[in-house]
There are 2 protein chains.
Amino acid sequence: MRIGVLGGGQLGRMLGLAGIPLGLEFRFFDASAEAPALAAGELVCGSYEDAAALQRFAADVDVITYEFENVPVQALDLLATAAPIRPGRRALEVSQDRVNEKSFFAEAGVATGEWRKADTLEELKSAAAELGDCIVKTRRMGYDGKGQMRIKTPADCETAWNLTSNGGLIVEKVVPFDRELSQVAVRGVDGDIRFWPLVENVHKDGILHTTTAPAQGVAPSMKRQAENMIRSVMEMLEYVGVLTIEFFDVDGSLLANEMAPRVHNSGHWTIEGSVTSQFENHVRAIAGLPLGHAEARFASVMINCIGAMPPAPAVLQHDGVHLHDYGKAAREGRKVGHITICDEPPTGESLKDKVEHLERLVEEARLIAAKG
Amino acid sequence: MRIGVLGGGQLGRMLGLAGIPLGLEFRFFDASAEAPALAAGELVCGSYEDAAALQRFAADVDVITYEFENVPVQALDLLATAAPIRPGRRALEVSQDRVNEKSFFAEAGVATGEWRKADTLEELKSAAAELGDCIVKTRRMGYDGKGQMRIKTPADCETAWNLTSNGGLIVEKVVPFDRELSQVAVRGVDGDIRFWPLVENVHKDGILHTTTAPAQGVAPSMKRQAENMIRSVMEMLEYVGVLTIEFFDVDGSLLANEMAPRVHNSGHWTIEGSVTSQFENHVRAIAGLPLGHAEARFASVMINCIGAMPPAPAVLQHDGVHLHDYGKAAREGRKVGHITICDEPPTGESLKDKVEHLERLVEEARLIAAKG
C-alpha cells in the first residue's frame, strides 16, 4: 500500500518514519527537492498548480493525505478521482480560513472567544471599537504568529488593514487566558475515535516553544469538554485522520482558538511518550487500519528547536532524551527539530532538571541562528 | 553525516529508521534492488566482489558499518581507506568462523561448552567419539539453524561430513541447557559501554521465535557474568557498535553459544521496550555520539513473523501492539517481520493473553506460507 502525502516537511517525514514499520510506502509532493520527507520515501517536486506533477504524484497511490493545511483545495479537486483523500476537502477548506473555521466551531457547538469578520477598513474599525482589546489576523495563510497584529488604539486599525492581501481579516477579542492547551485526536474510517491527553503549550514569539504532556491539573470536566468538542468537529466533518484543536484555558473552561486538520507540533511528544504516536495513528486511520491506544506512557516535555539545532553530542549526553533533527538548513525562526524528554527509567536526573539543561542548549542554538 | 551500511536487510532498514531522526543519512549496499532498507535511504546494488560498486557505495560516506556478518573481509579491505569501519574487520573475522569464535571466547575468558574442530572425516569421527551427544556445524556461513546436524550414532558422521564445503567443521558437545538467553550491549568510540537486560529466547526449527525481555529470574551474579563476558569481548576487539552474545543458561551459569557483531533479532524489543533502542545506540556509537540508556521501560515480548505477515488489521486490533513489517515477499522460513507487545498502559488485557492471541495469528500466517 502506498500513501501519498501533500507536503514534504518534517510532518511528512515523521509520518513516513511511523508508517514504514507498518509495511507502507510513501510518496511526498513538495516544491523543494530537498524536502525533509525525502528521507522517508519518494519525492515528486512541483507546485500545487502543476497538474502534470500532481498526476505523477497520484499515480499508484492508494490514499492521499496532507501535512500542510495551506494546500489549495483546487489541487485536491485535481486529485479527487485518483484516490480517497483523508482527511477530506471540507476539513481543509474550513481550517484554511479563520472566518469559516470560527463559524464552523459555532455550528459544532465549540466555544470560542468573540470575533468579527472585517472585509473593509470600516468594518475593521467598528469591530475593534466593539471588541476593545483585540487581535487582527488575515483570514488565510497565517501560521506561527505570522499575518497578525494586536490592536490597542483605533489608530492601529490603519496599520492592521495593510495585513490584508488575500481575502479579508478576522478580528478576535483578546482572551485573558490562564494557559494554552491542545487536544489531539484521531478518527478512523469506521468512526472509532482515540484521544491523546490534553497537553499544555507555551509559545515564544508566536512559535510553539514547549509542550508538557499530559497537562497538569486537568479536571475530568475539562477533559470531557475537550473530547466532546473535538468529537463533534470530527463527526460533522466525517473526519478521517489526526485533528488538533488549540484551546485557551480560561478559569478552567476551554475556548477554541484554532484547529489543524493534520498531525500537529503539540503532538510530537507522542512518538516516545504515548502508546501509539499521532503519526502512526494518522497513518493507521487513513490506511483503514484499526487505531492504537493514545494513552501517555510517561510524563513528557517537548522542546522545539528554532533556527538551528543544538549540537547533538551536547544533547545526547543527557540520558532519556530523544532527539529529532529534521535535516533542515539553519535559518532564523525556522522549526529545525525537536527534543522530547520523558520521565522514564532510570530516573536519576529529574525531568525538570533535564528540561532546564536542554532549554539552555536549544536557546544557545537559536541565538546563534538569529545572529546569522 | 552519511552512514554506509553493508547489507540492506531488515536490520539495515531499522538502523536507518532509528538514525534518520538524529539527522543522519543512510546508504545501503545489497545484492537486491528490492532490499528492505531501500525505505530508509539510498541503495547501491552490487556483489561484494564488485570493487566499482563498493567504491560508489563508499563515496562521501563518513562511517561504514555492516548489518550482515557474512560480508567477505576482502570487501572491507577494499573499503578500508574510504571511511572508518565500525565494528572493525577483526570482529567480523572472528564471528564468521565458528572455530575462530570459540578460540576467541576462550582467550577472552568467556565460558563455552566443549568443542573440537574437524578438518577431516577422521577428525570428525574421533571428536564425536570423545564428545558423545554432539552437533556438527559448518565453520562458516551457517545461520538460522542451517548448515548443522545432530550426531547420535557414529554412522551419522558420514552424513554430517557432507555438510562441509567451505572450510571445515566444528563439533560441539550438546549442552543440556535450561534456556537460551542473550546479552546485547553497545560500546562507544570513547569506550563507554551500555548493557540492555539479559533476555530469554525461544527458537523453533532453528529460527528465533520469541524474545522475552527482561528475562525472568536472573540473579545479580548471572547479570554480572553476562556483562563481564561481553565487556571482555568488546574490549579485546576495541569494538564500536552493538554486539550480541547468545548464551545457554545451565543451572544458573552461562555458556556462550555464539556472537553476532551487529544489531540482533533478540534486541528488536528495544525499539519500544527500552529507553534507547539497539538500532539508535548502534548508530550513535559508530557516529561517535554519546550512548543512550539501555534500561527496559516495560516488560516486552517480541514475536518473529516467519514466512508471511499476519494480516495487519487482525494484529492491530489488539492494543499496545507494535507491528514491524519488513516489506519482504512471503516465503517459507523467511523472517518477514516482528511484533512487540509491551506491558504498557492501559493494562486491560494481560501481556500473556495478548501474546497468546498474537502467537496464534503469526502461526496461521506461517502455515499459509509453508503450504505455498
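Residues numbered from 1 in each chain as written. Chains lettered and ligands numbered in written order. Predicted model: local features only at pLDDT ≥ 70, side-chain atom pairs only at ≥ 80, totals over all residues. Heavy atoms only, no water.

Any chance you could break down the packing of helix α4 (residues 89-96) of chain B against helix α5 (residues 98-107) of chain B for me, citing the residues and the numbers?
Residue and element names in this part refer to chain B. Running from amino to carboxyl end, α4 crosses α5 at an angle of 110 degrees, the nearest separation of the two axes being 5 Å. The pairing of α4 with α5 is recorded here as roughly perpendicular in orientation. Across the interface between the two elements, R90, E93, V94, S95 and Q96 of α4 pack against R98, N100, E101, F104 and E107 of α5. Of the residues belonging to the contact of α4 with α5, the class tally is two nonpolar, three polar and five charged. (Axes fitted to C-alpha atoms, helices over the stretch in contact; angles between N-to-C directions. Helix = DSSP H or I, 4+ residues; strand = E, 2+ residues; numbered from the N terminus. Parallel < 35°, antiparallel > 145°, perpendicular 65-115°, else oblique. Contact = heavy atoms within 4.5 Å. Nonpolar A, V, L, I, M, F, W, Y, C, P; charged D, E, K, R; others polar.)

Account for the environment of A:Q183, with residues named and values stated.
Residues and elements named next belong to chain A. Mapped onto the secondary structure, Q183 falls in strand β9 (residues 179-187). Between the alpha carbons of Q183 and M302 there is a distance of 15 Å; along the sequence they are 119 residues apart. Sequence-distant contacts of Q183, defined by excluding residues within four places in its chain, comprise F195, W196, L198, A226, E227, I230, L243, T244, I245 and F247. Within polar-contact distance, the side chain of Q183 engages the backbone oxygen of W196 at 2.8 Å. (Polar contact = N/O pair within 3.5 Å; in protein donor to acceptor, adjacent residues only side chain to side chain.)

Help me get a handle on the nonpolar core, residues and values and all.
In terms of nonpolar packing, the biggest core is built from 103 residues, with A:I339 and B:I339 touching the most fellow members. Excluding its chain neighbours within four sequence positions, the residues that come into contact with B:I339 are B:V301, B:M302, B:I303, B:C305, B:P310, B:V315, B:V321, B:H322, B:L323, B:L358 and B:V362. (Core = buried A, V, L, I, M, F, W, Y, C linked by side-chain atoms within 4.5 Å. Buried < 20%, exposed > 50% of the residue type's maximum accessible area, 1.4 Å probe, protein only.)

Please provide a residue-by-residue account of the packing of helix α1 (residues 10-19) of chain B against helix α10 (residues 278-286) of chain B, values included.
Residue and element names in this part refer to chain B. Where α1 meets α10, the closest approach of the two axes is 8 Å, and the angle between their N-to-C directions is 75 degrees. Taken together, the axis directions place α1 and α10 in an arrangement best described as roughly perpendicular. Along its contact with α1, which presents L11, M14, L15, A18 and G19, the element α10 presents F279, E280, H282 and V283.

So what's going on with the relation of the copies chain A and chain B? Residues and values would help.
For the pair chain A and chain B, the superposition axis carries a translation of 0.0 Å, the fit reaches an RMSD of 0.0 Å, and the rotation angle comes to 180 degrees. The operation mapping one copy onto its partner corresponds to a two-fold rotation axis. Mapped onto chain B, 100% of the interface residues of chain A are again interface residues, and the two copies thus contact each other with one and the same surface. (Least-squares fit on C-alpha atoms with pLDDT ≥ 70 in both.)

Any details on the sheet that holds strand β1 (residues 2-6) of chain B? Residues and values, ideally.
Residues and elements named next belong to chain B. With respect to topology, four strands assemble into an open sheet ordered β3-β2-β1-β4, the strand pairing being parallel. A strand with exactly one partner marks an edge of an open sheet, and here the two such strands are β3 (42-45) and β4 (63-66). Pairs of neighbouring strands in the sheet enclose a mean axial angle of 25 degrees, with direction left out of account. Strand direction decides the pairing type here: β1 and β4, joined by four bridges, are parallel. Bridge pairing in β4 places I3 opposite V63. α1 rests against β1 and β2 (25-30) of the sheet, and its axis sits at about 175 degrees to β2. The sheet contacts of helix α2 (residues 51-58) involve β1, β2, β3 and β4, and relative to β2 the element is tilted by about 170 degrees. (Pairing = 2+ DSSP bridges.)

Give a description of the interface of chain A and chain B that names residues and reports values.
Across the boundary between the two partners, chain A contributes 35 residues, which contact 35 residues of chain B. Summed over both partners, the interface of chain A with chain B comes to about 3,000 Å²; 61% of that surface belongs to carbon and sulfur atoms. Viewed at the interface, chain B and chain A are joined by four salt bridges. For A:R194, the salt bridge identified is with B:D319, shortest N-O distance 3.3 Å. On the surface where chain A and chain B come into contact, there are 11 residue pairs in polar contact (both at pLDDT 80 or more). Secondary structure elements with two or more residues in the side of chain A that touches chain B: α1 (10-19), α11 (312-316) and β16 (321-325) of chain A. Among the elements that take part in the side of chain A that touches chain B, β16(A) stands out by supplying five residues, more than any other. (Buried area = accessible area lost by both parts, 1.4 Å probe. Salt bridge = Lys/Arg side-chain N within 4 Å of Asp/Glu carboxyl O.)

Explain the packing of aromatic side chains to me, and be specific about the residues and the numbers.
All names here are of chain A. The full count for this structure, using the stated rule, is 11 aromatic pairs over all chains. Centre to centre, the rings of F26 and F28 are 6.1 Å apart; their planes meet at 15 degrees, and the pair counts as stacked. Of the two residues, F26 and F28, both sit in the buried class. Seen in terms of ring centroids, F29 and F57 are 5.6 Å apart; in terms of plane orientation they differ by 65 degrees. Their pairing is edge-to-face. Of this pair, F29 sits in strand β2 (residues 25-30) while F57 sits in helix α2 (residues 51-58), placing them 28 residues apart in sequence. On the accessibility criterion, F29 (0% relative accessible area) is buried. Judged by relative accessible area, which is 0%, F57 ranks as buried. Taken together through their ring pairs, the aromatic side chains of F29, Y48, F57 and F68 make up a single cluster. (Phe/Tyr/Trp six-rings, centres within 6.5 Å; stacked < 30°, edge-to-face > 60°.)

Now, about the pairing of strand β13 (residues 241-250) of chain A: what can you tell me, with residues and values included?
Residue and element names in this part refer to chain A. Counting buried positions along β13 yields 10 of 10 residues, so the element is predominantly enclosed. Where β9 meets β13, nine bridges bridge the pair, whose relative direction is antiparallel. Directly across from E180, in β13, lies its bridge partner F248. Pairing geometry for β13 and strand β14 (residues 253-260), over seven bridges, is antiparallel. Bridge assignment links T244 to a residue of β14, and that residue is A260. In this antiparallel pair of consecutive strands, β13 and β14, the connection spans two residues, and D251 shows a positive phi of 55 degrees.

So, the sheet that holds β2(A): which residues are in play, and what are the values?
All names here are of chain A. Sheet architecture is open: four strands sit in the order β3-β2-β1-β4, paired in parallel fashion. Only two strands of the sheet have a single neighbouring strand rather than two, namely β3 (42-45) and β4 (63-66). Neighbour-to-neighbour, the strand axes of the sheet open up by a mean angle of 25 degrees, direction not taken into account. In terms of strand pairing, strand β1 (residues 2-6) meets β2 through five bridges, oriented parallel. Following the sheet pairing, L6 is matched in β2 by F29.

So, the environment of B:G9: which residues are in play, and what are the values?
Residues and elements named next belong to chain B. Locating G9 in the fold gives a position in the loop between β1 and α1. For the pair G9 and S32, spaced 23 residues apart in sequence, the C-alpha separation works out to 9.4 Å. Residues within four places of G9 in sequence aside, it is in contact with D30, P36, A37 and E67.

Explain the confidence of the model for chain A to me, and be specific about the residues and the numbers.
Mean pLDDT over chain A stands at 95; residues scoring 70 or higher make up 98%. Our summary of model confidence lists the complex with pTM equal to 0.96 and ipTM equal to 0.95. (pLDDT = per-residue confidence, 0-100.)

I'd love a proper account of the pattern of salt bridges, names of residues and values included.
A complete count under the given rule lists 54 salt bridges over all chains for this structure. Put simply, A:R179 and A:E200 hold a salt bridge, and the shortest N to O gap is 3.0 Å. One end of the pair, A:R179, is in strand β9; the other, A:E200, is in strand β11 (residues 199-204), and 21 residues separate them in sequence. Across the pair B:R116 and B:E114 runs a salt bridge whose closest N-O atoms are separated by 3.5 Å. Among the residues examined, B:R116 registers a relative accessible area of 25% and is labelled partly exposed. The exposure class assigned to B:E114 is partly exposed, which follows from its relative accessible area of 43%. Salt bridges here are not isolated pairs; linked through shared partners, they connect A:D97, A:K117, A:D119, A:R139 and A:R140.

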